[in-house]
Every structure is written in structure tokens, then in C-alpha cells.
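# Coordinate analysis (summary)
Single-letter residue listing:
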Amino acid sequence: MTAPFTVTTDAVGLTAGTVVTANSVVGSFNVTATTAGAALPTIFSLANTKLQPTVALGISPNPAPHGAVLTLTATVTTPLGAALDPLTGSVAFTDTTNVIDLSSALAGGYAVVGANPLAAGSYTVTATYGGDGGHLAGIATAVVQVLPPPIAPQARADVAAV
């Protein structure tokens, strides 16, 4: 049980600079609101549900030269922002055919991992946030193009050296 607190409002019922947030515990809660001079308190139910985060995936460099290590960055945010609604948990990174990293810890809304060089081609990379006690899972994809290795010049036998 949370201790009672007071919020002062104007004649219309608006607060002046006071922000009240519910705890991040998912579930239903009964709330009792009393008003000075009112005969009876107002009692209502409040339901905290898991929030849907937004997941974005960045890949650098892209396009990637042959043999380059890729940096994958998943950014996970909520509409309330990290200060009011911190995220915990981890992000799994996969590409079209491979698991890159199954459990990159989320820190400050970011999960970053280096991916070993891939063969030339186009790959769809997926970042999957697993969710936590107050947040649903989320997913993002991005395409990375890995360029083929440069072609080495061939010496020509029919050209005489000068």
C-alpha cells in the first residue's frame, strides 16, 4: 500500500506543475480520491498494463565493405521516456540465416553488439526486445548490404614492360 499524498488543483480541477505517476507494477488497483468539502470520496479502479515500446535498429557501416565488422545498435524507447519509465531486459540480434547475439543487455535504452564479417550479399537483420515486467516485447528489422571483395588487377602478358 502506498502512503496517501496530496495534489492541489485549481477551481477547474487542473494541477499546477504536479505530475503524478502510477507505479510500474502491472495489475489492477483501487484508488480513493477525496476532495476538501466533498461529502464522500470518489473511488475508482486503475489498471496498469504493460506498455508497448518502440524498437529501432541501426547498422553501421551500411553498405559494408567486404570483411567489415558491423555494429548493430537497437534503441528501445517508451512514450514516457527513460526517466519516468526505465526499460530493462535484453535484445537478441539475428540475420537472415544466423544468430548474431542472443542476449545483449539493454543499458539506457540501447543494446549494441559487433557482428563478425558476413559474406557479400544482402541480409535482413532483426533486433528483438524480449520485454520486461512493465513492457511488451518489440521488434525491428533493417537491411544491410555487404559488398563483394575488390577485384585485383590482372597483369597482362601481351603488354611489354617499358
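What counts and what doesn't
Numbers given for residues are sequential positions, taken from 1 along each chain in its written order. In view of the model being predicted, local features appear only for residues whose pLDDT reaches at least 70, and side-chain atom pairs are presented and counted only at 80 or more, with totals across whole chains, interfaces and linings using the full set of residues. Derived side-chain values reflect all non-hydrogen atoms in the structure, with water molecules and hydrogen atoms excluded from consideration. Here a helix means four or more residues in a row that DSSP labels H or I, a strand means two or more in a row labelled E, and each is numbered from the N terminus. In this scheme, a residue with accessible area under 20% of its type's maximum is buried, one over 50% is exposed, and one in between is partly exposed, where area comes from a 1.4 Å probe on protein chains only. Counted as positive: Lys and Arg. Counted as negative: Asp and Glu. His and the chain ends are not counted at all. Each salt bridge in this description consists of a side-chain nitrogen of Lys or Arg and a carboxyl oxygen of Asp or Glu lying within 4 Å of one another. For this analysis, a polar contact is any N or O atom pair within 3.5 Å, provided that within protein one partner can donate a hydrogen and the other can accept it, and provided that sequence-adjacent residues contribute only side-chain to side-chain pairs. It only takes one pair of heavy atoms within 4.5 Å for two residues to be counted as in contact. Being paired, for any two strands, means DSSP has found at least two bridges between them. In this description, a line fitted to the C-alpha atoms serves as the axis of each element, helices being fitted only across the stretch in contact, and the angle between N-to-C directions of two axes falls anywhere from 0 to 180 degrees.

If you trace the backbone, Asp95 turns up in the loop between strand E5 (90–94) and strand E6 (99–105). Here Asp95 is buried and forms no salt bridge, its nearest opposite-charge partner Lys50 lying at an N-O distance of 28 Å. From its side chain, Asp95 meets the backbone nitrogen of Thr97 in a polar contact 2.7 Å long. Excluding its chain neighbours within four sequence positions, the residues that come into contact with Asp95 are Ile100, Leu118, Tyr123, Thr124 and Val125.

Turning next to the sheet that holds E6. Backbone-to-backbone hydrogen bonds join strands into a sheet, with any given pair of strands oriented parallel or antiparallel. Pairing is antiparallel across the open sheet formed by four strands, whose spatial order is E6-E5-E8-E9. Looking along the sheet, the strands with just one partner apiece sit at the ends: E6 and strand E9 (138–146). Direction aside, neighbouring strands of the sheet carry axes that sit 15° apart on average. For strand E8 (residues 121–129) and E9, the ladder comprises nine bridges, and the chain directions are antiparallel. Bridge assignment links Gly121 to a residue of E9, and that residue is Val146.

A separate point is the sheet that holds strand E3 (residues 54–60). Pairing is antiparallel in the open sheet, where three strands are placed in the order E3-E4-E7. Of all the strands in the sheet, just E3 and strand E7 (110–115) have a single pairing partner and so form its edges. Here the strands of the sheet are splayed against their neighbours by 15° on average, with no regard to which way each runs. Note: E3 against strand E4 (residues 70–77), seven bridges, orientation antiparallel. The residue bridging Val55 from the neighbouring strand is Val76, located in E4.

Keep in mind that these numbers describe shape and distance, not what the molecule does.
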